[in-house]
Amino acid sequence: MTQWDILLQQVINGVSLGAMYSLLALGFTMVYGIIELINFAHFNVFMVGSFIAMWALVAMGFAGQSHVLHGLPLIGVLAVAFLATMLGTGILGVVIERFALRPLRNVSGTAPMITTIGLSYILYNVILLGAGADSKNYSNPMPNTHWDFLGGVTLRLREVLLWVVSLVLMVALHYFVRHTKMGKAMQAMAQDQEAARMVGIDVDRVVMLTFFLGSALAGAAGLIFGLYYNYTSYLIGYKAGLRAFTAAVLGGIGNIPGAMIGGVVIGLIESLGGQYIAVRWTDVIIFSLLVLVLVLRPTGLLGRAAPSKS
Amino acid sequence: MHRKYTRRAFNAGVASIAVIAATDGTGALAQEKVVKIGITVPLTGADAEDATRIKDGATLAFDEANAKGGVAGYKIVPVVYDNGTATAGQYDPAQAATNTKKLVADPQVIANVGPEMSGDGKAMSPILSEADMATITPASTNPDITNPAMAHQFRPKGKAVYFRTVTTDAFQGPNMANFYKERLHVKSVYVLDDSGAYGVGLANAFEAQAKKIGIKVLGHDQLDPREADYTTVLTKIKSLNPDAIYYGGVAQAGVKLAKQAYETVPKMIKGGGDGIQGGSFLKGGGFPAVEGWYCTIAGPHLTESPAAAQFMRDYHAKFNDVPSDYSITAYDAAKVILAAVEAVAKSGKPMNRSTIRDAIQSSHVKTLQGEVAFDKNGDILDRTVSVFQYHQNPNAPADDLAKQQKYLGAAPQTA
């Protein structure tokens, strides 16, 4: 492999990682945009999503990577798995909002944020107790199809799937927020909650919908994680969640395209930093860059300076 | 009315608990001579599966002794503590230290079996030294803990307290380097570790010997066990194209490494130490990811030896599970402690930690792996390292370790 092949391969790796971080970052950024809450439960909603997806695949008769499908059956099985997972985590998000966060909606200060940290630990421990602590061998019906080109650069089917699914979900979300009535209500809420209420927007419904969408995207990311790495464990939420949160802040928290770009930037730093510096410095590089961006552009890459909505 | 009733019931409950506690505390213990022996392994987290097999191996020895009416009139009471935590997701040295302090605080505890992990061992050894209490590890292999040059750190009181029924990574790593060169004809290698005490030590010992015998070491990277993605480092390895990878570490990072290495560098020779010789790696990794991986144990291969046949049957009957080689070294460790209890009881010396430690130090005990004896640092005299390779057997259960890997023999010994 030449220098350029290696670079290209690491860019492929980095964009794949980044796509996953982006999906996860969207949930943080949407919730923050609407109710200015950093939802740390999101970390482990993602983790629960990867388990729901695994159980869905097991229920459909897949164990380990031995049973491989191709063509239409594969698309069918994956579609069912994505639907089941996104519905599952979406409902989980709604339940969290309805029973743990709505009662605290008008409490000022950090109480709601601390509550989300508590919820995150509850999810983490429920899965630990329920599913055990060992790394799970993920059920995966995808074939190990890959294409080699140039001097040994490999592009795998699962990377293509990851990119396509992420792109479709992000475009769909963008369309939803920009062009549907509910999406416009979300935008209105983000701009001014009080005024939105005055013109007759049902605030509770919009918040609930935001949690549903954000959590459903986290579930999709959880399934993609499992398919991509062939493994899951109750631990995966922390690292991925922290990176995704960083991506959201980097892109400008509250800003949807910013979260997507932030995720890809973080993914690329991770892969290129690992190649040219050292893997163990990855976190140092990521967080140094975050500090640098926030010092030079406190609102993040795409964030705009918004008046405080107190 | 309702409230009054419940309160009365509650009071009655408290009273009866108090009565039970009182009789248990004074009556039972005064009549019967008891010694307590700790078992400390990480039963929570990625290491749980192999740790359970170690715990069960030791438990079996204690149960057998009690079934025969105890040892020299003493009933054996195992005290099991979990060295793993949910926060670490695997073994947790801080928890190991806490557990050791709990053991030391109970004067009836006279010795301990464990730990499984060297990171735990490093935390435990100084505390044990202060208390003059011996532990026998059936699995932890980092040489620092028993290294006399580091005695001020790990045994400040001077006497050996950390005994082993396996050899150390000072042999496990280098012997595997010999195996790479002599049997697999490896000329260049890339070394990885999982940043833990055990993994770093093993990988460094391998690397030093590899360089010495002329294997080219193309690089050495450290993996974060809580990280999900190792494709970055694997891509780097792919571009350097070494003949082989050597991984020093346990299953948590090992499982992910195996899966991603299968996709990135499927044809490369891959191997590691006893951290990936076990059910946690096999079950978490699964085939085809673990196919072809080499691994070692820091002792002789025993589960197929005639001497252990009875043990294998008893273990299976009791726990309905297939024991690992480290179940046997744990059983042996327990046997050494029981022999020490018997020796102290017969000698007429007081039964306490110091006398038990001295008895263990000078012991020559016939066990399943042959006669176990220790040098003055606590290391076992036998230095065999056995090599295995994962190879799928589609007719056996996918998680049956004994059937899903082949025993390749002992690795060439380093002088």
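The present account deals with the structure reproduced in this document. What you see is a predicted model; the values in this text were computed from it and never measured. (Residues numbered from 1 in each chain as written. Chains lettered and ligands numbered in written order. Predicted model: local features only at pLDDT ≥ 70, side-chain atom pairs only at ≥ 80, totals over all residues. Heavy atoms only, no water.)

## Describing the overall build of chain A
Alright, step 1. Across its full length, chain A carries eleven helices and four strands.
Alright, step 2. Here the C-alpha radius of gyration of chain A, 19 Å, is about what a compact globule of 310 residues would show, namely 19 Å.
Alright, step 3. The C-alpha extent of chain A, read off along each of the three principal axes, is 60 × 45 × 40 Å.
Alright, step 4. Expressed as a percentage of the 310 residues in chain A, the buried residues total 54%.
Alright, step 5. For chain A, the share of sequence-separated contacts (at least 6 apart) that also reach a separation of at least 24 residues comes to 78%.
Alright, step 6. Counting only carbon and sulfur atoms, one obtains 70% of the accessible surface of chain A, whose full area is about 13200 Å². (Helix = DSSP H or I, 4+ residues; strand = E, 2+ residues; numbered from the N terminus. Rg over C-alpha atoms; globule rule 2.2 N^0.38 Å. Buried < 20%, exposed > 50% of the residue type's maximum accessible area, 1.4 Å probe, protein only. Contact = heavy atoms within 4.5 Å. Areas by Shrake-Rupley, 256 points an atom, 1.4 Å probe, with all protein chains shown as cover.)

## Focus on the overall build of chain B
Alright, step 1. Of regular secondary structure, chain B possesses 13 helices and 14 strands.
Alright, step 2. Taken over C-alpha atoms, the radius of gyration comes to 23 Å for chain B, in line with the 22 Å a tight globule of 415 residues would show.
Alright, step 3. Considered along the principal axes of its C-alpha atoms, chain B spans approximately 75 × 60 × 45 Å.
Alright, step 4. Classification of the 415 residues of chain B by burial places 60% in the buried group.
Alright, step 5. At a minimum sequence separation of 6, the contacts of chain B that also span at least 24 residues come to 75%.

## Regarding the packing of helix H1 (residues 3–35) of chain A against helix H5 (residues 157–179) of chain A
Residues and elements named next belong to chain A.
Alright, step 1. Between H1 and H5, whose axes approach to 9 Å, the crossing angle comes to 30°. By the angle between their axes, H1 is roughly parallel relative to H5. The crossing of H1 and H5 is left-handed. Along its contact with H1, which presents Ile12, Asn13, Val15, Ser16, Ala19, Met20, Ser22, Leu23, Leu26 and Met30, the element H5 presents Glu159, Leu162, Trp163, Ser166, Leu169, Met170 and Leu173.
Alright, step 2. Looking at the contact of H1 with H5 residue by residue, the class counts come to twelve nonpolar, four polar and one charged. (Axes fitted to C-alpha atoms, helices over the stretch in contact; angles between N-to-C directions. Parallel < 35°, antiparallel > 145°, perpendicular 65-115°, else oblique. Left-handed = near helix turned anticlockwise from the far one by under 90°. Nonpolar A, V, L, I, M, F, W, Y, C, P; charged D, E, K, R; others polar.)

## A few points about the pattern of salt bridges
All names here are of chain B.
Alright, step 1. Taken as a whole and judged by the stated rule, the model has 26 salt bridges over all chains.
Alright, step 2. A salt bridge links Arg53 to Glu49, with the shortest nitrogen-to-oxygen separation between them at 3.8 Å. Of the two residues, Arg53 and Glu49 both sit in helix H2 (residues 48–67), four residues apart, roughly one turn of that helix.
Alright, step 3. Taking relative accessible area as the criterion, Arg53 reaches 6% and is therefore assigned buried. (Salt bridge = Lys/Arg side-chain N within 4 Å of Asp/Glu carboxyl O.)

## A few points about the pairing of strand S1 (residues 34–41) of chain B
Sheet faces and side chains relate simply in a regular strand, where the side chains alternate between the two faces.
Residue and element names in this part refer to chain B.
Alright, step 1. Within S1, eight of the eight residues are buried, which leaves it mostly tucked inside the rest of the structure.
Alright, step 2. Burial along S1 is two-sided: Val34, Lys36, Gly38 and Thr40 and Val35, Ile37, Ile39 and Val41, pointing in opposite directions, are all buried.
Alright, step 3. For S1 and strand S2 (residues 75–82), the ladder comprises eight bridges, and the chain directions are parallel. Each bridged residue has a counterpart across the sheet, and for Gly38 the counterpart in S2 is Val79.
Alright, step 4. Relative to strand S3 (residues 109–113), S1 runs parallel, the two sharing four bridges. If you follow Gly38 over to S3, its bridge partner there is Asn112. (Pairing = 2+ DSSP bridges.)

## Let's talk about the sheet that holds strand S5 (residues 162–164) of chain B
Strands belonging to one sheet form pairs held by backbone hydrogen bonds; the direction of such a pair is parallel or antiparallel.
Residue and element names in this part refer to chain B.
Alright, step 1. With parallel pairing, five strands are arranged side by side in an open sheet as S2-S1-S3-S4-S5. The open sheet has two free edges, formed respectively by S2 and S5, since each of these has just one partner strand. Going across the sheet, the axis of each strand differs from the next one's by a mean of 25°, ignoring polarity.
Alright, step 2. Relative to S5, strand S4 (residues 134–137) runs parallel, the two being bridged by three bridges. Across the sheet, the residue bridging to Ile136 is Phe163, located in S5.
Alright, step 3. On top of the sheet, helix H12 (residues 325–347) reaches S1, S2, S3 and S4; it is set at about 160° to S3, its chief contact.

## Side note on the interface of chain A and chain B
Alright, step 1. Taken together, the contact pairs 39 residues of chain A with 37 residues of chain B.
Alright, step 2. Surface buried jointly by chain A and chain B totals about 3000 Å² across both partners, of which 50% is contributed by carbon and sulfur atoms.
Alright, step 3. Our count for the chain A to chain B interface comes out at four salt bridges.
Alright, step 4. Between Glu227(B) and Arg243(A) there is a salt bridge, with the nearest N and O atoms lying 3.0 Å from each other.
Alright, step 5. Counting every contact that joins chain A to chain B gives 14 residue pairs in polar contact (both at pLDDT 80 or more).
Alright, step 6. Of all the secondary structure elements, the ones that give two or more residues to the side of chain A that touches chain B are H1, helix H4 (111–131), strand S1 (136–137), strand S3 (153–156), helix H8 (203–229), helix H9 (236–251) and helix H10 (256–276) of chain A.
Alright, step 7. Counting residues per element, the side of chain A that touches chain B draws most heavily on H1(A), at five residues.
Alright, step 8. Across the side of chain A that touches chain B, the residue classes tally to 17 nonpolar, 14 polar and eight charged. (Buried area = accessible area lost by both parts, 1.4 Å probe. Polar contact = N/O pair within 3.5 Å; in protein donor to acceptor, adjacent residues only side chain to side chain.)

## Comments concerning the environment of Ile328(B)
Alright, step 1. With respect to the element layout, Ile328(B) can be found in helix H12.
Alright, step 2. Given a relative accessible area of 0%, Ile328(B) falls into the buried group.

## Concerning a nonpolar patch on the surface
All names here are of chain A.
Alright, step 1. Taken together, the side chains of Leu8, Trp147, Phe149 and Leu150 present a nonpolar region at the surface, about 380 Å² in accessible area.
Alright, step 2. Summarising the element assignment, Leu150 is placed in the loop between strand S2 (146–149) and S3.
Alright, step 3. Accessibility expressed as a relative area gives 64% for Leu150, which makes it exposed. (Patch = residues over 30% accessible without salt bridge, like charges linked within 9 Å, V, L, I, M, F, W, Y side chains within 5 Å.)

## Considering the packing of aromatic side chains
Alright, step 1. Following the criterion strictly, the structure yields 22 aromatic pairs over all chains and no others.
Alright, step 2. Here Tyr121(A) and Tyr124(A) contribute two aromatic rings whose centre-to-centre distance is 6.0 Å and whose plane-to-plane angle is 75°, an arrangement assigned as edge-to-face. Taken together, the positions of Tyr121(A) and Tyr124(A), both in helix H4 and three residues apart, correspond to about one turn of that helix.
Alright, step 3. Exposure remark for Tyr121(A): the relative accessible area of 47% places this residue in the partly exposed category.
Alright, step 4. On the accessibility criterion, Tyr124(A) (9% relative accessible area) is buried.
Alright, step 5. The structure contains a cluster of three or more aromatic residues connected by ring pairs, namely Phe46(A), Phe225(A), Tyr228(A), Tyr229(A) and Tyr231(A).
Alright, step 6. One cation-aromatic arrangement involves Lys33(B) over Tyr74(B); the distance from NZ or CZ to the ring centre is 4.6 Å. (Phe/Tyr/Trp six-rings, centres within 6.5 Å; stacked < 30°, edge-to-face > 60°. Lys NZ or Arg CZ within 6 Å of the ring centre and 35° of its normal.)

## A closer look at the side chain of Asp375(B)
Residue and element names in this part refer to chain B.
Alright, step 1. Structurally, the position occupied by Asp375 is in the loop between strand S12 (370–372) and strand S13 (386–390).
Alright, step 2. Of note is the side chain of Asp375, whose polar atom sits 2.9 Å from the backbone nitrogen of Asn377.
Alright, step 3. Leaving out residues up to four positions away in the same chain, Asp375 has contacts with Gln361 and Leu381.

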